[in-house]
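# Notes for the structure review
Spelled out, the chains give:
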Amino acid sequence: MILTRRNWHKELTNFLEGSIDVSIVKEFYANLYDPEDKSPKQVRVRGHLIKFDADALNTFLKTPVVIEEGESLPASSRFSNLRPVPQELATHLCIPRRGFEMNADWLPLKILRKNLTTLAQTWSVLSFSNLAPTSHTSYITLDRAKLIYGLVMQMDMNLGSLNSGQISLIAQHDSSRLGFPALIIALCKARGVTSDSLIFESQSPAINLAYIKKNCWNLDDPLVTFRGTQKSKARRSEAPLLQLPLS
């Protein structure tokens, strides 16, 4: 499955219209927590068994894993196991003359979001909610930079494995954060879980061209052409990069 701006994101994010039943999401994570199982892959919600292992998610999301001949892992997984040169990442993710902030030992620590290109900022927004949820959105770490680099370079990715691991991680280490709410609701709905709650939350806005122009476009990005007023922005292709409702 190649994570590009084609049709994979429709399966990842366009599960349902309207609002999120927070009580179902909370029950999912509450029942999922198990101090003896550090990486659970199934849970019961209101009597229904919900599986979210990598194979189950890839089947549900319709995102088959593509592995090159002679390899055992998709390209993105192989890349994540490497120690790439930080400058190589920065060259593809950052605007000119910007790169990683270094720690006291002069090792790459983070890239400030304001220093990312328009494309990298757009993919980072998607990653914050739909790939590796986090509340720290003003910068990206080295690991997230590698993830976004894979997206920018259109590497094959095992989306089911990534989402499955993140759900388990959230359940075992951060019970206050309810990641992947739209995906969880869709999984539960597919297994027959019904909602009887009167408390709902709205989904986050779609990442469409208007959202990108307002929140992701970097004025210092040399690949962006501006027309009209300073706030009027248009890509040379005149087409939206993405159109994804966030979880």
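For the structure itself, consult the block above.
Going along each chain's sequence as written, the residues are numbered from 1 onward. Under the rules for a predicted model, residues below a pLDDT of 70 receive no local features and side-chain atom pairs below 80 are neither given nor counted, while totals for whole chains, interfaces and linings still include all residues. Excluding hydrogens and water, the side-chain figures rest on all heavy atoms present in the structure.

Here we come to the side chain of Arg113. Runs of H or I in DSSP of at least four residues are treated as helices and runs of E of at least two as strands, each being numbered from the N terminus. By the secondary structure assignment, Arg113 is in the loop between strand 5 (108-112) and helix 6 (118-131). Buried charge without a partner: Arg113 forms no salt bridge, and the closest opposite charge is Asp221, 12 Å away. Summary of the burial criterion: residues with accessible area below 20% of their type's maximum are buried, those above 50% are exposed, and those between are partly exposed, where the area comes from a 1.4 Å probe applied to protein chains only. Only four residue types enter the charge count: Lys and Arg as positive, Asp and Glu as negative, with His and the chain ends excluded. Basic side-chain nitrogens of Lys or Arg form a salt bridge, by our definition, when they fall within 4 Å of a carboxyl oxygen of Asp or Glu.

Attention now goes to the pairing of strand 2 (residues 42-45). Side-chain alternation along strand 2 places Val43 and Val45 on a buried face and Gln42 and Arg44 on a face that remains uncovered. Pairing between strands is defined by DSSP: at least two bridges between them are needed. As judged from the 4 bridges shared by strand 2 and strand 3 (residues 48-51), these two strands associate in the antiparallel manner. Along strand 3, the bridge assignment pairs Arg44 with Leu49. Turn length for the strand 2-strand 3 hairpin, with the two strands adjacent in sequence and antiparallel, is 2 residues, and the turn residue Arg46 shows positive phi of about 55°.

Turning our eyes to something else, we now look at the packing of helix 2 (residues 22-32) against helix 9 (residues 181-190). Following both chains from N to C, one finds helix 2 and helix 9 inclined at 85°, their axes separated by 9 Å at the closest point. On the basis of their axis angle, the class for helix 2 and helix 9 is roughly perpendicular. Mapping the contact onto sequence places Ile24, Val25, Phe28 and Tyr29 in helix 2 and Pro181, Ile184, Ile185 and Cys188 in helix 9. Three categories are distinguished: nonpolar for Ala, Val, Leu, Ile, Met, Phe, Trp, Tyr, Cys and Pro, charged for Asp, Glu, Lys and Arg, and polar for the others, with Gly belonging to the last. Across the contact of helix 2 with helix 9, the residue classes break down as 8 nonpolar, no polar and no charged. Only C-alpha atoms enter the line fits that serve as axes; for helices the fit covers just the stretch in contact. Angles between N-to-C directions range over 0 to 180 degrees. Small angles under 35 degrees read as roughly parallel and large ones over 145 as roughly antiparallel, with 65 to 115 read as roughly perpendicular and the rest as oblique. Contact definition: two residues touch when any of their heavy atoms are within 4.5 Å.

Now for the layout of surface pockets. Only protein atoms enter the calculation, which uses a 1 Å grid: trapped sets of points that fit a 1.4 Å probe without letting it out are cavities, open sets showing protein on both sides within 12 Å along at least five of seven lines are pockets, and any residue with an atom within 4 Å of a point is a lining residue. Grid points are joined across faces, edges and corners, and a volume is the space filled by probe spheres set on the points. Taken as a whole, the largest pocket spans an internal volume of roughly 460 Å³. Forming the walls of the largest pocket are 15 residues, and the residues nearest its centre are Ser80, Asp143, Leu147, Leu162 and Gln166. Only helix 4 (75-80), helix 7 (142-152) and helix 8 (159-173) provide two or more residues apiece to the lining of the largest pocket.

What follows is about unusual backbone geometry. Not every positive phi belongs to a glycine, and Lys62 is a case in point at roughly 60°. Tracing the backbone shows Lys62 in the loop between helix 3 (54-61) and helix 4. For Lys62, a relative accessible area of 61% gives the class exposed. The phi dihedral of Trp106 is positive, around 65°, even though this residue is not glycine.

Pairing within the open sheet is antiparallel, and its 3 strands lie in the order 4-5-6. Every interior strand has two partners, whereas the edge strands, strand 4 (101-102) and strand 6 (139-141), have only one. With 3 bridges joining them, strand 5 and strand 6 adopt antiparallel strand pairing. By the bridge assignment, Ile111 is partnered in strand 6 with Ile140. Helix-sheet contacts for helix 7 involve strand 5 and strand 6, and the interaxial angle to strand 6 is about 95°.

The next subject is helix 2. Taken as a whole, helix 2 has its buried residues at Val22, Ile24, Val25, Phe28, Tyr29 and Leu32. Packed against the buried residues of helix 2 are strand 1 (19-21), strand 2, strand 3, helix 8, helix 9 and strand 7 (200-202).

Oppositely charged side chains may form a pair once their charged atoms are brought near each other. One pass over the full model with this rule turns up 4 salt bridges. Close ionic contact of Arg78 with Glu71 constitutes a salt bridge, the shortest N to O distance being 3.6 Å. The exposure class assigned to Arg78 is partly exposed, which follows from its relative accessible area of 24%. A network of salt bridges, in which partner residues are shared, links Glu27, Arg46 and Asp196.

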